[in-house]
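Descriptive analysis of the structure
Here is what each chain is made of, one letter per residue.
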Amino acid sequence: MRAEGCNRYRELLGAYVLGRLEEDERRELERHISECPRCRAEVSELRSVTELLPLARVPEALDEEPGPPPDLEEQVVAEAESRRWRERSWSRALTAAAVLLLVVVGALIVFGTREPGQPGLGEEEPVAFSVTREDVSADAAVVAHTWGTEVLLEVEGLEAGEVYTVSIERMDGAPVPTGTFIGVRDATVDCQLNGAVLRQDARAVVVMSADGDVVLRSDLEQHSPEA
Amino acid sequence: MTGANTIRRLGRRLRSRRRDTSEGEFPLRAAYADHAGELFQLAFRSLGDQGLAEEVVQETFVRAWRSSARFDERRGSVRTWLFAIARNLIVDAARARAVRSRAAGGEREEEWGVIGVTEDPTEKVLLGMQMEEALKRLSEDHHRVILEIYYRGRPYAEVAEEIGVSPSTLRSRTYYALKSLRLVLEEMGWSDES
């Protein structure tokens with residue numbers, strides 16, 4: 001009996017929560033609700049929904065509501081593009097400024113720390129050969145680097161097919177090999193070699209044949225760090 | 001020949017990959033077509049000002065476009081993302097306006113602290129928009145009864161006659177319509193707990 005009664009009341013709950021029941025029906029329903037926890041729970045569930053109803057707008061009101069103006073899309077696209085462009089030119093300018101700064105700082109480090117009388121890092125320093133065979137002509141230069149010394153060598157008139165070793169002689173007389181090349185009779189050998197000796201520790205550049213004969217020797221100018 | 005072709009293919013692949021990632025374009029126009037209306041509605045209702053609403057919509061899309069690299073589709077839809085950006089802009093706009101009007105009103109400085117707690121005007125608007133969407137998803141019968149009885153405030157008897165049902169049927173229909181409205185809202189992620 002009780003469940004059946006609930007069903008009858010249930011169907012009034014919708015009108016009740018919307019405040020649309022007649023006075024006598026409302027009183028009767030409220031009496032039932034006060035005794036029936038299940039209907040009470042039902043009312044509170046429906047109420048949390050009806051509380052939100054005023055927040056929504058009915059279709060008629062929606063029709064009157066303004067929308068975005070038709071030209072807003074083009075404005076948005078134009079603004080987005082121009083702002084990205086501005087950002088890009090900004091970042092390009094920043095990159096350029098950073099590169100310039102690096103160059104200036106690098107140059108200050110390279111040239112600013114150079115001691116007087118010392119060869120500048122990265123500068124070609126021509127060297128003269130003191131021992132030369134008559135038929136051999138050679139031209140060379142050394143370049144001081146932070147990691148060692150580079151030897152630039154041009155030789156003509158060496159024994160074709162013979163292997164030659166280029167070394168840098170350290171202050172203590174020990175030769176540090178920088179590389180080897182094969183002699184060519186009628187053409188210039190143009191090579192670039194690197195040795196793990198700092199320029200100020202180098203005494204000479206030596207080119208030897210495979211037999212150990214010194215073909216070319218160039219005593220380097222002394223660059224003491226103190227000088 | 002195959003080697004050169006492989007290199008050409010590789011080059012093409014690398015170029016297309018760069019387009020997809022760093023040069024990846026946020027589909028600005030498509031997103032605008034899908035969401036500008038809703039975003040404008042949110043901004044307009046929250047701020048009650050057409051010019052401000054336009055500014056919010058524009059800034060939302062521009063920001064989304066600029067930071068699209070940060071957008072991760074796996075973490076949520078474009079819509080959720082756009083709404084999050086718009087809500088922040090609306091709250092900022094509401095605060096800025098509050099500051100301006102307080103300053104214009106010449107209130108004392110110590111009262112300005114209240115500005116910090118300006119409530120988020122978008123909350124209720126979003127609930128309302130959610131409700132409108134839920135109402136649209138109801139069956140024709142359920143939608144109609146809520147529209148006529150609640151929103152238009154018409155008498156049961158009149159609506160019942162128009163539809164061709166008894167007033168008691170219409171009353172029970174109101175009950176079922178509200179029940180399904182609750183279900184639809186829950187499906188949309190709404191909850192009345194907490």
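Reading the values: rules and limits
- Throughout, residues of each chain are indexed from 1 in the direction in which the sequence is written.
- Note on labels: chains are lettered from A, ligands numbered from 1, in written order.
- Local features in a predicted model are, by the rule used here, given only for residues with pLDDT of at least 70; side-chain atom pairs are given and counted only at 80 or more, and totals for whole chains, interfaces and linings are based on all residues.
- As a convention, hydrogens and water are excluded, and side-chain values are obtained from all of the structure's heavy atoms.
- We call two residues in contact whenever any of their non-hydrogen atoms come within 4.5 Å of each other.
- Note on terms: buried area is the combined drop in 1.4 Å-probe accessible area of two parts once they are placed together, counting the loss on both.
- A pair is scored as a salt bridge if a Lys or Arg side-chain nitrogen falls within 4 Å of a carboxyl oxygen belonging to Asp or Glu.
- By the criteria applied, helices consist of DSSP H or I runs no shorter than four residues and strands consist of E runs no shorter than two, each listed in order from the N terminus.
- Three categories are distinguished: nonpolar for Ala, Val, Leu, Ile, Met, Phe, Trp, Tyr, Cys and Pro, charged for Asp, Glu, Lys and Arg, and polar for the others, with Gly belonging to the last.
- pLDDT measures the predictor's confidence residue by residue and takes values from 0 up to 100.
- Residues qualify for a patch when their relative accessible area is over 30% and they have no salt bridge, like charges being joined within 9 Å and the nonpolar side chains of Val, Leu, Ile, Met, Phe, Trp and Tyr within 5 Å.
- All accessible-area figures derive from a Shrake-Rupley calculation using a 1.4 Å probe, and residue coverage is judged against the displayed protein chains alone.
- Burial classes: relative accessible area under 20% of the type maximum marks a residue as buried, over 50% as exposed, and values in between as partly exposed (1.4 Å probe, protein chains only).
- Two strands form a pair only when DSSP identifies at least two bridges running between them.
- Helix axes are fitted to C-alpha atoms over the stretch in contact, other axes to C-alpha atoms as well, and angles between N-to-C directions run from 0 to 180 degrees.
- The positive count covers Lys and Arg only, the negative count covers Asp and Glu only, and His and the chain ends enter neither.
- Charged side chains are reduced to one point each, which is NZ for Lys, CZ for Arg, CG for Asp and CD for Glu.
- Orientation labels follow simple angle bins: below 35 degrees gives roughly parallel, above 145 gives roughly antiparallel, 65 to 115 gives roughly perpendicular, and whatever is left gives oblique.
- We call a crossing left-handed when the near helix sits turned anticlockwise from the far one by less than a right angle, and right-handed when that turn is clockwise.
- We define the nonpolar core as a collection of buried residues of types Ala, Val, Leu, Ile, Met, Phe, Trp, Tyr and Cys that are connected through side-chain atoms lying within 4.5 Å of one another.
- Any cysteine sulfur atom paired with another within 2.5 Å is treated as part of a disulfide.
- Only Phe, Tyr and Trp rings are paired, with Trp represented by its six-membered ring, and only when their centres lie within 6.5 Å; those with planes under 30 degrees apart are stacked, over 60 edge-to-face, the remainder tilted.
- Definition used: whenever NZ (Lys) or CZ (Arg) falls within 6 Å of the ring centre and also within 35 degrees of the ring normal, the charge is taken to sit over that ring.

What follows is about the interface of chain A and chain B. Between chain A and chain B, the contact holds 45 residues from the first and 49 residues from the second. Among the residues chain A hides against chain B, the three largest losses belong to R20(A), L53(A) and R84(A). Together they make up 14% of the total. In this structure, the connection of chain A to chain B is made through seven salt bridges. Ionic pairing is found between E65(A) and R45(B), a salt bridge with its closest N-O pair at 2.8 Å. Going through the elements one at a time, α1 (2–17), α3 (37–50), α4 (59–64) and α5 (72–112) of chain A are the ones with two or more residues in the side of chain A that touches chain B. With 13 residues, α5(A) is the largest single contributor of residues to the side of chain A that touches chain B. Split by residue class, the side of chain A that touches chain B holds 23 nonpolar, five polar and 17 charged.

On to the confidence of the model for chain B. All names here are of chain B. Averaged over every residue, the pLDDT of chain B is 81; residues scoring 70 or more account for 76%. Within chain B, no element has a lower average pLDDT than helix α1 (residues 2–20), which sits at 49, and none a higher one than helix α6 (residues 140–151), at 95. Low confidence marks residues 14–23, where pLDDT is under 50. Its contacts with residues over four positions away, or in another chain, come to four contacts. Note that pLDDT drops below 50 for residues 108–117; the model gives that stretch eight contacts with residues more than four away or on any other chain. Confidence metrics for the complex model read pTM 0.57 and ipTM 0.73.

A separate point is a nonpolar patch on the surface. Residues and elements named next belong to chain A. Taken together, the side chains of L100, V104 and L108 present a nonpolar region at the surface, about 300 Å² in accessible area. With respect to the element layout, L108 can be found in helix α5. When its relative accessible area of 58% is taken as the criterion, L108 is described as exposed.

Our next topic: the sheet that holds strand β1 (residues 124–127) of chain A. All names here are of chain A. In space, the four strands of this open sheet follow the order β1-β3-β4-β7, with antiparallel pairing throughout. Among the strands making up the open sheet, the edge pair consists of β1 and β7 (189–195). Across the sheet, the axes of successive neighbouring strands diverge by a mean angle of 20°, strand direction being ignored.

Quick look at a negative patch on the surface now. Side chains of D139(A), E154(A), E156(A) and D190(A) sit close together on the surface and give a patch of like negative charge. Within the secondary structure layout, D139(A) lies in strand β3 (residues 137–145).

What follows deals with the packing of helix α2 (residues 28–47) of chain B against helix α3 (residues 50–66) of chain B. Residues and elements named next belong to chain B. Look at α2 against α3: their axes get within 8 Å of each other, and the N-to-C directions meet at 140°. With respect to α3, the element α2 is oriented oblique. At the point where α2 passes α3, the crossing takes the right-handed sense. Across the interface between the two elements, L28, A31, Y32, H35, A36, L39, F40, A43, F44 and L47 from α2 touch Q50, L52, A53, E54, V56, V57, T60, F61 and W65 from α3.

Looking at chain A, the pLDDT average stands at 84 and 91% of residues meet or exceed 70. Averaged over each element, pLDDT in chain A is lowest for strand β2 (residues 131–132) of chain A (68) and highest for α3(A) (94).

Residues and elements named next belong to chain B. Look at helix α5 (residues 122–137) against α6: their axes get within 8 Å of each other, and the N-to-C directions meet at 130°. With respect to each other, α5 and α6 are oriented oblique. Seen from α5, the contacting residues are M131, L135 and K136; seen from α6, they are H143, I146 and Y151. Taken together, the residues of the contact of α5 with α6 break down into four nonpolar, one polar and one charged.

So, on to the nonpolar core. If you look at the biggest cluster of nonpolar residues, it comprises 40 residues, and the most contacted ones within it are M131(B), I146(B), Y151(B) and L181(B). Only α1, α2 (23–35) and α3 of chain A together with α5, α6, α7 (156–163) and α8 (167–187) of chain B provide two or more residues apiece to this core. Contact partners of L181(B), with chain neighbours within four places excluded, come to V49(A), L53(A), M131(B), A134(B), L135(B), L138(B) and I146(B). Formed by 34 residues, the second largest nonpolar core is a distinct cluster that contains Y32(B), F40(B), W65(B) and W81(B).

All names here are of chain A. In total, this model carries zero disulfides over all chains according to the counting rule given. The closest cysteine sulfur to the non-disulfide-bonded C39 is located on C36, 3.6 Å from its own sulfur. We classify C39 as buried; its relative accessible area is 1%.

For the structure on display, the rule yields five aromatic pairs over all chains. When the ring of F40(B) is compared with that of F44(B), the centres are 6.2 Å apart and the planes differ by 5°; the resulting orientation is stacked. On the criterion of helical spacing, the pair formed by F40(B) and F44(B) is a turn pair, its members being four residues apart in helix α2. For the pair shown, F40(B) and F44(B) are each scored as buried. On the numbers, 4.9 Å between centres and 70° between planes, the contact of Y175(B) with Y176(B) is edge-to-face. The class for Y175(B) is buried, based on a relative accessible area of 3%. Classification of Y176(B) as partly exposed rests on a relative accessible area of 42%. Over the ring of Y9(A) we find R8(A), and its NZ or CZ is 4.8 Å from the ring centre. One residue, R79(B), lies across the ring of F83(B), its end atom 4.4 Å from the ring centre.

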